[in-house]
Amino acid sequence: MAIDFHAAANRNTYAGREAQPDWQAAMRTILDPAGRQVVDIGCGGGIYTAAWAGLGAAGVTGIDFSAQMVADATAATAGRGNIRIRQGDACRTGLPDAAFDIVFARALIHHLPDLGAFCREAFRLARPGGVCILQDRRPEDVALPGSTAHIRGYFFECFPRLAAIEAGRRPSRAAVEGAMRAAGFAALRSEPLWETRRHYPDREALAADLSGRTGRSILHDLSDAELGGLIEHILAQLPAAPVAEADRWTLWIGRRPG
Ligand SMILES: C[S@@+](CC[C@H](N)C(=O)[O-])C[C@H]1O[C@@H](n2cnc3c(N)ncnc32)[C@H](O)[C@@H]1O
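A brief report on the enclosed structure follows. Just so we're clear, the structure is a prediction, and the values are computed from it rather than from any experiment. (Residues numbered from 1 in each chain as written. Predicted model: local features only at pLDDT ≥ 70, side-chain atom pairs only at ≥ 80, totals over all residues.)

Some details on the overall build of the protein chain
Selection criterion: We count a stretch as a helix when DSSP gives it H or I for four or more residues in a row; a strand needs E for two or more, and each element gets its number in order from the N terminus. Restricting the calculation to C-alpha atoms gives the radius of gyration, and the globule rule supplies 2.2 Å times the number of residues raised to the power 0.38. Exposure criterion: with C-beta atoms placed from backbone coordinates, a residue whose C-beta has 20 or more other C-beta atoms within 10 Å is buried, one with 12 or fewer is exposed, and one in between is partly exposed. We call two residues in contact when their backbone-placed C-beta atoms lie within 7 Å.
Of regular secondary structure, the protein chain possesses 10 helices and 7 strands. Its C-alpha atoms give the protein chain a radius of gyration of 18 Å, near enough to 18 Å, the size a compact globule of 258 residues would have. When the backbone C-alpha atoms are referred to their principal axes, the protein chain occupies close to 55 × 40 × 30 Å. Out of the 258 residues in the protein chain, the part that is buried amounts to 37%. Across the protein chain, contacts joining residues at least 24 apart in sequence account for 75% of those joining residues at least 6 apart.

Some thoughts on the nonpolar core
This is how it is decided: Note on definitions: a nonpolar core is a set of buried residues drawn from Ala, Val, Leu, Ile, Met, Phe, Trp, Tyr and Cys, linked by C-beta atoms within 7 Å.
By size, the foremost hydrophobic cluster in this structure holds 46 residues, and its most contacted members are Val38, Val39, Trp52, Val103, Ala122, Cys132 and Met180. If you tally residues by element for this core, the top one is helix α2 (residues 47–54), at 6 residues. When near neighbours in sequence (up to four residues on either side) are disregarded, Val103 contacts Val39, Ala122, Leu125, Ala126, Gly130 and Cys132. Judged by nonpolar contacts, the second largest core, of 14 residues, contains Tyr154, Phe155, Phe156 and Val243.

As for the site of the ligand
The condition that has to hold: Throughout this description, a residue near a molecule or strand is one whose C-beta atom, derived from the backbone, lies within 6 Å of it. Residues were grouped as follows: Ala, Val, Leu, Ile, Met, Phe, Trp, Tyr, Cys and Pro as nonpolar; Asp, Glu, Lys and Arg as charged; and all remaining residues, including Gly, as polar.
Looking at the ligand, there are 19 residues lining it, with Phe5, Gly42, Gly44, Phe65 and Ala90 nearest. Per-class residue counts for the shell around the ligand are 11 nonpolar, 5 polar and 3 charged.

Description of the environment of Gly228
Among the secondary structure elements, Gly228 is positioned in helix α10 (residues 224–237). Exposure remark for Gly228: the 14 C-beta atoms within 10 Å place this residue in the partly exposed category. As a C-alpha pair, Gly228 and Ser211 span 17 residues in sequence and 7.4 Å in three-dimensional space.

Some details on the pairing of strand β3 (residues 83–87)
So the rule is basically this: Strand pairing requires that DSSP identify at least two bridges connecting the strands. When the strands point away from the viewer and the connection leading from the first strand across the helix to the second strand turns clockwise, the crossover is called right-handed.
Of the pairings in the sheet, the one linking strand β2 (residues 59–64) to β3 comprises 5 bridges and is parallel in character. The residue bridging Ile63 from the neighbouring strand is Arg86, located in β3. In this view, the connection linking β2 to its parallel neighbour β3 by way of helix α3 (residues 67–76) has right-handed handedness.

A word on the packing of helix α4 (residues 115–125) against helix α8 (residues 173–183)
As a reminder of what qualifies: Axis definition: a line fit to C-alpha positions, over the contact stretch in the case of helices; interaxial angles, taken between N-to-C directions, run 0 to 180 degrees. Any angle that is under 35 degrees is reported as roughly parallel, and any over 145 degrees as roughly antiparallel; angles of 65 to 115 degrees are reported as roughly perpendicular and all others as oblique. Less than a right angle of anticlockwise turn of the near helix away from the far helix marks a crossing as left-handed, whereas a clockwise turn marks it as right-handed.
Closest axis-to-axis distance for the α4/α8 pair is 8 Å, and the angle between their directions is 45 degrees. As far as their axial angle goes, α8 and α4 are oblique. The two elements α4 and α8 cross, and the hand of that crossing is right-handed. On α8, the residues touching Leu115, Gly116, Cys119, Arg120, Ala122 and Phe123 of α4 are Ala175, Val176, Ala179, Met180, Ala182 and Ala183. Tallied by class, the residues present in the contact of α4 with α8 amount to 10 nonpolar, 1 polar and 1 charged.

Observations concerning the environment of His110
Mapped onto the secondary structure, His110 falls in the loop between β4 (100–106) and α4. Here the alpha-carbon distance between His110 and Thr93, two residues 17 residues apart in the chain, equals 18 Å. Not counting the four nearest positions on each side in its chain, His110 is found in contact with Asp136, Arg169, Arg170 and Pro171.

Side note on unusual backbone geometry
You will see that Ala98, though not glycine, has its phi angle at about 50 degrees, which is positive. By the element assignment, Ala98 lies in the loop between β3 and β4. Residue class for Ala98 comes out partly exposed when judged on the 14 C-beta atoms lying within 10 Å of it. Even without glycine at this site, Ala107 takes up a positive phi of about 60 degrees. Position of Ala107 among the secondary structure elements: in the loop between β4 and α4. Under the C-beta neighbour-count criterion, Ala107 is labelled partly exposed, with 17 such atoms within 10 Å.

Okay, structure coming up:
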């Protein structure tokens with residue numbers, strides 16, 4: 001069953017970890033956020049909202065349609081005067097026109113029914129000269145095999161039906177570029193990003209994280225027994241050593257002319 005972002009049971013599923021240096025370096029390379037205004041759409045528990053502030057943004061607005069996620073993000077960023085969290089739909093944020101130097105959305109667009117409407121909203125929010133950065137996985141990113149460097153690949157090796165779900169929901173390079181171009185963004189490019197998700201002291205710590213389905217919406221399509229089998233399989237592949245979990249993403253980048 002698909003994840004319910006509004007359910008109290010999913011409290012803190014997109015909180016409790018920090019963006020890692022490889023993600024931070026990639027963002028800085030696109031546009032130095034120091035002194036900029038950033039909006040993080042579909043902010044979840046605010047991991048990346050906080051990360052943008054940590055990179056020196058003057059102000060960061062996180063927005064999410066789920067009251068639970070808004071509560072998580074608000075709690076996680078409490079006391080940080082340059083962060084504000086709002087509830088709203090990605091396609092109708094209610095935020096002011098042309099207010100942001102960076103419009104960012106990570107792991108959001110594959111959940112949206114209307115990518116075109118979202119890109120038009122992103123364009124409206126961007127200042128002339130501002131950038132839009134969309135981070136998601138293409139079907140090709142999802143299809144990478146499982147290995148100690150790409151643990152997520154084991155999900156699909158063990159349960160091919162999960163690959164079918166991903167194939168149906170993950171956007172192609174052309175679909176996202178087309179929607180961004182139609183919305184008005186220019187200087188479009190897309191590039192791969194290997195992002196470290198988390199470091200674990202040992203395999204057992206990874207297993208504990210997986211068993212909570214934390215931040216992994218696709219695992220909500222497995223029963224508890226299936227998830228247990230997957231974790232056993234993954235543990236059997238990994239050496240008894242610290243684990244660095246990383247995933248391949250695609251970044252789509254466009255600029256609002258101005
Ligand atoms: C996979 S989570 C990613 C959270 C966060 N961006 C991250 O990378 O940690 C997707 C988030 O998008 C939010 N979301 C999904 N559809 C949305 C919509 N139509 N409008 C606003 N937020 C939405 C969900 O509530 C969830 O918090």
